[in-house]
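So you can see what is in the structure, the chains are spelled out below.
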Amino acid sequence: MAAETEVLEELRRLRARVPQVTGALAASTDGLVLAHDTPGVEPEGVAALTAAALGVALRMTDATGQGDFRELLVRGVYGYVATYAAGGSAVLTLLAQDRANVGRLHLEGRRAGTRIGELVDAATARGEPAGPARAPAKPATRSTGTRTRTPRAAPAARTPQTPAAKAPTGKAPTTTDS
């Protein structure tokens, strides 16, 4: 997507404006990464989880009559995950430290979400793909080597122990002949 570079720049500007933001990711509503600036976090996993959370949030706003989805905030022990609507086909997810000013996070997140939504929607209107260009998948190759299977050892036979065999004294049990 030609807008990918512009979206990435918007993410970086957002992180510069709010230093407590530790990561920013723009994704399509179906969980594909559009652009990310998320050091130390796997963007594909976050994008997929964002899509799942978005689905729940959409159902929640619909079921409660609160209107269209706008944002979702999750607070953990170590910080925040905030997701904002970004146009008709994208979402913005921000990761922030626990000491972040939530009001500032919302203000900047909403602004960036609006801008990213404009960029993504404009690219979509031009007929560009929704996500970054990807290399074609490699065809699956089969190994010609033979796989061998090591047989497992048969489990040891369990013999029931008689009460005489469980002598607590450590002495061998004695039997008497009659």
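Each value, and the rule that gives it
In every chain, residue numbers begin from 1 and rise along the written sequence. This being a predicted model, a pLDDT of at least 70 is required before a residue's local features are given, and a value of 80 or more before pairs of side-chain atoms are given or counted; all residues contribute to the totals for chains, interfaces and linings. Excluding hydrogens and water, the side-chain values take into account all heavy atoms of the structure. Numbering of helices and strands starts at the N terminus; helices are DSSP runs of H or I of at least 4 residues and strands are runs of E of at least 2. Values of accessible area rely on a 1.4 Å probe in the Shrake-Rupley scheme; residue burial ignores everything except the protein chains shown. Each nonpolar core is a collection of buried residues, namely Ala, Val, Leu, Ile, Met, Phe, Trp, Tyr and Cys, held together in the definition by side-chain atoms within 4.5 Å. Whether a residue is buried, partly exposed or exposed follows from its accessible area with a 1.4 Å probe, protein chains only, as a fraction of its type maximum: under 20%, in between, or over 50%, in that order. Note on definitions: a residue-residue contact is assigned when non-hydrogen atoms from the two residues lie within 4.5 Å. Paired strands, as defined in this entry, are two strands with at least two bridges between them according to DSSP. Helix axes are fitted to C-alpha atoms over the stretch in contact, other axes to C-alpha atoms as well, and angles between N-to-C directions run from 0 to 180 degrees.

Focus: the overall build of the chain
- In terms of helices and strands, the chain carries three helices and five strands.
- Along the chain, helices (α) and strands (β) appear in the sequence α-β-β-α-β-β-β-α when read from the amino end.
- Carbon and sulfur atoms make up 54% of the accessible area of the chain, which amounts to about 12400 Å² in all.

With respect to the nonpolar core
- Formed by 26 residues in total, the largest nonpolar core has its most connected members in Val7, Leu11, Leu92, Leu94, Leu105 and Ile116.
- Considering each element in turn, this core owes the most residues, six residues, to helix 3 (residues 102-125).
- Other than its neighbours up to four places away in sequence, Leu105 contacts Val21, Leu73, Tyr80, Ala82, Tyr84, Leu94 and Ala96.
- Counting nine residues, the second largest nonpolar core, distinct from the first, contains Ala27, Val46, Leu54 and Phe69.

As for the sheet that holds strand 2 (residues 33-37)
- Here we have five strands laid out as an open sheet, ordered 2-1-5-4-3, and antiparallel in their pairing. With partners counted over all chains shown, the strands left at the sheet margins are strand 2 and strand 3 (71-76), one partner each. Across the sheet, the mean angle separating the axes of adjacent strands is 15° when strand polarity is ignored.
- The pairing of strand 4 (residues 79-86) with strand 5 (residues 90-97) spans eight bridges and is antiparallel. Paired with Ala85 across the strands is Val91, a residue of strand 5.
- In this fold helix 1 (residues 4-17) packs onto strand 1 (21-28), strand 2 and strand 5, with an angle of close to 35° to the strand it touches most, strand 2.

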